[in-house]
Amino acid sequence: PQTIYLKNYHEPEYLIETVDLNFILEAEYARVVSRLTITHNPDNKARNAALVLLGEELTLISIALNGVTLTTSQYKLNDESLTIADVPQNTTFTLAIENTINPKANSALEGLFVSNDMLCTQCEAQGFRKITYFLDRPDVMARFTTTLIADKTLYPVLLSNGNKVAQGELIDNRHWVTWEDPFKKPCYLFALVAGQLECIEDHFTTMSGRDITLKIFVEAHDIDKCAHAMQSLKNSMRWDEVTYGREYDLDLYMIVAVGHFNMGAMENKGLNVFNTKFVLARPDTATDMDYEHIEGVIGHEYFHNWTGNRITCRDWFQLSLKEGFTVFRDQEFTADQTSKAVKRIDDVNALRTRQFAEDAGPLAHPIRPEAYIEINNFYTLTVYEKGAEVVRMIRTLLGTENFHKGADLYFQRHDGQAVTCEHFVQAMEDASNKDLSQFRRWYSQAGTPVVKVEQTYDAAKQSLTLTLSQSIPGQKNAAVLHIPVKVALFSEDGTIMDASVVDTVAINNELTLELREQTQDFIFENVPGTPILSILRGFSAPVKLQMSQPLTELAFLLRHDNDSFNRWEAGQKLTASIIFELIDTIKQGKSLSIPEILIDSFKAILEQTSPDLSYLACLLSLPAENYLAEQMPVVDVEAIHHARQFVKRSLAAHLTEQISALYLQNHQQETGELNSAAIGKRRIKNLCLDYLSQLNTDDSHQLAHNQFANAKTMTDQIAALGSIVNSENPEKQACLQQFYQQWQDEALVIDKWFSIQASSTQPDTFTVVQSLLRHSAFDLKNPNRVRSLVGAFSQANPVHYHAKNGQGYQFLADQVIALNSLNPQVASRMVSALTQWRRFDKQRQDLMKQQLERIINTDNISKDVFEIASKSLA
Ligand code: BAL
Ligand code: ZN
């Protein structure tokens, strides 16, 4: 397969001004007539270039240029394109193309496809070429008019981008609707939907007083699960007005939920298409976390209207321009709606467990990649989550006020354009006068920097010298980056010191150091005694810290740090250090014991009161196995699992009384409400239940079973089921069966039923997973179902997936090979659990490599899977 390089970017030779699309829709046969008005691009100096339209899996019927039908000798057709050598150079010309497609046969879910009898599209990144021949690239922006014709009974609802401008009836029970989108857009933002859908409608009045109609379309049986999505949409619209001054621009905003979807959602102009997972919620079917994610994704897609749609990417290498910025925007939105502290912790947790692994592995790439084989493989944690961290660092370096001036300038300068990451940084620089020349390296440098911290205190001078050095392991000739490092110094009595560093502004005694050298000294003056250092506060840069801090200092920070992130981080470091010591003890074959300092620290937290119980729950949560693995030179899955379980069980045993009390205190008045206080109570209560379940006593089994049987919310029901499935609870089979019976008609709940079993640490899990694969509700053609079984097993169950005999790897490769021909995008996502093979012992390395080789040698391997598997082995 061919590699595409950023350095080879060139302007399009032709531009498309208008697109008039006409669809006659049937599930197995869709007829598309596309009328394009095309001009030579004045910015491209080359003349007389052939017009190359991209098209895949299409059946061409006819082409006419300026009304004259072309003969087969006047164009060339292959599997990927349609080339017309001779087109007018000095005038606008029209091209009318007719082709057909088979949506029903489209299991890749890219282009036009069928989901539960509904027809819908997914065009980002390059799906439009599976609908009709086009200049399928984001820097070709056109005005679209779309007419949909279909059977009235099968497809009573016909939707596309923009505003509905006309509709009518035809003979044979058919009808038609015409949609016009007044904003020019790249074809990846095109969408159509046709189906038997119901909708809820609401209205939003914008800051300038315009009335916007909001509609959420779902299948009839889901109509009672849309209210939260609608509220989230209104919250998003208001937030973007208040925070970024951005107002919605069309009179109508539509969201459609579909059950078969590769992504979470898609920001098509005026017609978002969503995975049902990020729309549907009722307290008894969706957890508090689902509710939060729905609001976050609704916000994300809405925010794209400005950061993505009004201003889009010049080419796909610039993906982080819209994704990094939009993720940053949705993170801040959720932080404002929920708990800022918890949102930051959740985001950093996700980044460190998953993106750091990606950045340290064979598929590491900068947030602006320089080459790809299949762009779908670059919708990565790096482009999205690290991209968001890079935007966050810009805000830290500029300050919030200048950052917003920069955003305003960016919107003002580039509205209606397809631009690059450089345009974004330039606007930030111009608005703030802050030199970001060195900072730009974050866009082209892969890998997670390690920042080493050394401190020397001079009592006589009352000064502290902090020596920071940076490096990026595994990256040759790594750039020296510009890294904001937020710091505060604590006195032994728990107060913050009023220390200063030359040329550094302190806000509430917190200083933002700007590390720009490989090694750099920062001298703090006015330091009355040896300080306790709180560094990288708020996780001010996506780096790994290397510093030795005694357990007593970590315990101190866990009590006293006023930075909510670093307070939590101190607890994580404390626990992780103890787990690593236990891992060593396990390796020496000695018996394990838990240090007092950990029990005391947890006891202190358990006895605390706090208005933010979700945050207290974070403080009491142990670092995830994947995060611990990330810190080991050679991952020892069993030792990590056993040491972590030992800590969990020991804490539960030593603190049973406190944990039980906290459980009861927060369970007694469970009302099923959805405000943040009620959510916090459930979060901490269910964490307590998880600890208590480790004890495997009759009491703990009974507690979980009672909660399961009487749950008022899915949060409580699934948490109880999780505790039951992960313990030796005698009611396990009965509960699983009951849950299935209760929820068999709710696809998203059944996804949970699959994933909870696939991620169980109990000894029979692999056998269970194999039998679930044969369950009548399992469907390899449904991405959510695949993720809930195959994804959960391979990505969230390290101890079973990495079984020493390699059965987990073989299982995964079997599924990847089966998926390869059905849905290459989902297949390639599943390969990710094999890509980290270098991190394991020799035996596992060999077994994983074997499976990667087996995958590569599969007949008709897709570009998607080939790229990931081959780069992993390279
Ligand atoms: N643009 C693809 C889906 C998303 O990031 O919103
Ligand atoms: Zn996005």
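All figures in this text were calculated on a predicted structure; none of them were measured in a lab. (Residues numbered from 1 in each chain as written. Chains lettered and ligands numbered in written order. Predicted model: local features only at pLDDT ≥ 70, side-chain atom pairs only at ≥ 80, totals over all residues. Heavy atoms only, no water.)

Draft legend 1. View of the side chain of histidine 641. With respect to the element layout, histidine 641 can be found in helix α13 (residues 637-654). Overall, histidine 641 belongs to the buried group, its relative accessible area being 8%. Not counting chain neighbours up to four residues away, the residues in contact with histidine 641 comprise Glu625, Thr761 and Val799. (Helix = DSSP H or I, 4+ residues; strand = E, 2+ residues; numbered from the N terminus. Buried < 20%, exposed > 50% of the residue type's maximum accessible area, 1.4 Å probe, protein only. Contact = heavy atoms within 4.5 Å.)

Draft legend 2. Representation of the coordination of the zinc ion (ligand 2). Those donors, His300 (NE2), His304 (NE2) and Glu323 (OE), are the protein atoms that reach the zinc ion (ligand 2), and they lie 1.9 to 2.1 Å from it. Each donor residue of the zinc ion (ligand 2) belongs to the same chain, and together they define the spacing H-x3-H-x18-E. Just as histidine 300 is buried, histidine 304 falls in that class too. (Donors = N, O, S within 2.8 Å, 3.2 Å for Na, K, Ca; no water.)

Draft legend 3. The site of ligand 1, seen in detail. Neighbouring residues of ligand 1: Glu124, Met263, Ala265, Met266, Glu267, His300, Glu301, His304, Lys322, Glu323 and Tyr384. A distance of 3.3 Å is found between an oxygen atom of ligand 1 and a side-chain nitrogen or oxygen belonging to histidine 304. The side chain of lysine 322 places a nitrogen or oxygen atom 3.2 Å from a nitrogen atom of ligand 1. Bound to the protein, ligand 1 loses 96% of the 220 Å² it would expose on its own. Elements with a contribution of two residues or more to the shell around ligand 1: β20 (265-266), α2 (288-303) and α3 (319-337). Taken together, the residues of the shell around ligand 1 sort by class into four nonpolar, two polar and five charged. (Near = heavy atom within 4 Å. Polar contact = N/O pair within 3.5 Å; in protein donor to acceptor, adjacent residues only side chain to side chain. Areas by Shrake-Rupley, 256 points an atom, 1.4 Å probe, with all protein chains shown as cover. Nonpolar A, V, L, I, M, F, W, Y, C, P; charged D, E, K, R; others polar.)

Draft legend 4. View of the domain arrangement of the protein. Entries for the protein in the domain assignment read domain 1 (1-196), domain 2 (312-443) and domain 3 (450-538). The C-alpha-based centres of domain 1 and domain 3 are spaced at 56 Å. (Domains from an automatic or database assignment.)

Draft legend 5. How the structure looks around the sheet that holds strand β13 (residues 157-160). The strand order across the open sheet built from four strands is β10-β11-β16-β13, with neighbouring strands paired in antiparallel fashion. A single partner strand is all that each edge strand has here, and the edge strands are β10 (111-115) and β13. Strand-to-strand twist of the sheet, defined as the mean angle between neighbouring strand axes without regard to direction, takes the value 20°. Pairing of strand β11 (residues 118-122) with strand β16 (residues 192-195) involves two bridges; the strand directions are antiparallel. Of the residues in β16, the one forming a bridge with cysteine 120 is valine 193. (Pairing = 2+ DSSP bridges. Axes fitted to C-alpha atoms, helices over the stretch in contact; angles between N-to-C directions.)

Draft legend 6. Spotlight on the state of the cysteines. Applying the stated criterion across every chain, the model contains zero disulfides. Here cysteine 226 stays free of any disulfide, with the sulfur of cysteine 199 as its closest cysteine sulfur at 9.0 Å. Look at cysteine 226 and you get buried, because its relative accessible area is 1%. (Disulfide = S-S within 2.5 Å.)

Draft legend 7. Broad picture of the packing of helix α16 (residues 698-710) against helix α17 (residues 714-725). It is at 8 Å that the axes of α16 and α17 come closest, and there the two elements cross at 145°. Taken as a pair, α16 and α17 cross one another with a handedness that is left-handed. Counted together, Ala704, His705, Gln707 and Phe708 of α16 and Asp716, Gln717, Ala719, Ala720, Leu721, Ser723 and Ile724 of α17 form the full contact between these two elements. In terms of residue class, the contact of α16 with α17 is made up of six nonpolar, four polar and one charged. (Left-handed = near helix turned anticlockwise from the far one by under 90°.)

Draft legend 8. Local environment of the pairing of β11. When you tally the buried positions in β11, you get five out of five residues, the bulk of the element. Side-chain alternation along β11 places Met118, Cys120 and Gln122 on one buried face and Leu119 and Thr121 on a second face that is also buried. For β10 and β11, the ladder comprises five bridges, and the chain directions are antiparallel. Paired with phenylalanine 113 across the strands is cysteine 120, a residue of β11.

Draft legend 9. Focus on the nonpolar core. With 280 residues, the main nonpolar core has Leu25 and Phe524 as its most contacted residues. Those residues in contact with phenylalanine 524 that lie beyond four places of it in its chain are Gln462, Ser463, Leu464, Leu466, Val487, Leu489, Ala499, Ser500, Val501, Leu511 and Leu513. (Core = buried A, V, L, I, M, F, W, Y, C linked by side-chain atoms within 4.5 Å.)

Draft legend 10. Spotlight on the environment of threonine 285. Among the secondary structure elements, threonine 285 is positioned in the loop between β21 (271-275) and α2. As for threonine 285 and methionine 266, which are separated by 19 residues in sequence, their C-alpha atoms are 23 Å apart. Once residues within four sequence positions are removed from consideration, threonine 285 is found in contact with Lys225, Met714, Trp743, Glu746, Val749 and Lys752.

Draft legend 11. Up close: the pattern of salt bridges. As enumerated under the stated definition, the model contains 57 salt bridges in all. A salt bridge links arginine 238 to glutamate 241; the nearest nitrogen and oxygen atoms lie 2.7 Å apart. Remark: glutamate 241 and arginine 238 occur in helix α1 (residues 227-244); sequence separation between them is three residues, near one turn of the helix. Across the salt bridge formed by aspartate 690 and lysine 648, the nearest N and O atoms sit 2.9 Å from each other. Here aspartate 690, found in helix α15 (residues 676-693), pairs with lysine 648, found in helix α13; they are 42 residues apart in sequence, far enough to count as distant. For lysine 648, a relative accessible area of 11% corresponds to the buried category. (Salt bridge = Lys/Arg side-chain N within 4 Å of Asp/Glu carboxyl O.)

Draft legend 12. Highlighting unusual backbone geometry. Look at the link from glutamate 124 to alanine 125: it is a cis peptide, with omega at 0°. Within the secondary structure layout, alanine 125 lies in the loop between β11 and β12 (141-151). Backbone geometry at asparagine 509 places phi at a positive 65°, although glycine is not the residue there. Looking at the element boundaries, asparagine 509 is found in the loop between β29 (506-507) and β30 (510-515). On the accessibility criterion, asparagine 509 (24% relative accessible area) is partly exposed. One non-glycine residue with positive phi stands out, namely phenylalanine 539, at about 55°. Here phenylalanine 539 is to be found in the loop between β32 (532-535) and β33 (544-546).

Draft legend 13. Representation of the pairing of strand β9 (residues 93-101) within the structure. The element β9 is extensively covered by neighbouring structure, given that seven of its nine residues are classed as buried. As paired elements, strand β3 (residues 30-40) and β9 share nine bridges and run antiparallel to each other. In the sheet register, leucine 36 faces β9, and the bridge partner there is leucine 95. In terms of strand pairing, strand β5 (residues 59-65) meets β9 through six bridges, oriented antiparallel. Bridge pairing links serine 62 to glutamate 98 in β9.

Draft legend 14. Focus on the environment of valine 258. Inspection of the secondary structure assignment puts valine 258 in strand β19 (residues 252-258). Considering only alpha carbons, one finds valine 258 and asparagine 116, 142 residues apart in sequence, at a separation of 8.1 Å. Beyond its immediate sequence surroundings of up to four residues, valine 258 is in contact with Ser115, Met118, Cys120, Val273, Phe274, Asn275 and Thr276.

Draft legend 15. Representation of the packing of aromatic side chains within the structure. Applying the stated criterion to the full structure yields 42 aromatic pairs. With a centroid separation of 4.9 Å and an interplanar angle of 75°, the aromatic rings of phenylalanine 128 and phenylalanine 134 are classed as edge-to-face. There is no split in this pair, since phenylalanine 128 and phenylalanine 134 are both buried. An angle of 90° between the planes, with centres 6.2 Å apart, marks the rings of phenylalanine 793 and tyrosine 801 as edge-to-face. Judged on exposure class, the residue phenylalanine 793 and its partner tyrosine 801 are both buried. The ring of tyrosine 5 has lysine 7 lying over it, and the distance from NZ or CZ to the ring centre is 4.2 Å. (Phe/Tyr/Trp six-rings, centres within 6.5 Å; stacked < 30°, edge-to-face > 60°. Lys NZ or Arg CZ within 6 Å of the ring centre and 35° of its normal.)

Draft legend 16. Seen up close, the sheet that holds strand β17 (residues 198-205). An order of β17-β18-β19-β21-β20 is seen for the five strands of this open sheet, with the pairing classed as mixed. The open sheet has two edge strands with one neighbour each: β17 and β20. Bridging between β20 and β21 involves two bridges; their strand directions are antiparallel. Bridging across to β21, methionine 266 finds its partner in valine 273. Sheet strands in contact with α1 are β17, β18 (211-218) and β19, and its direction is about 25° off that of β17. Sitting on the sheet, α2 is in contact with β19, β20 and β21, with an inclination near 150° to β21.

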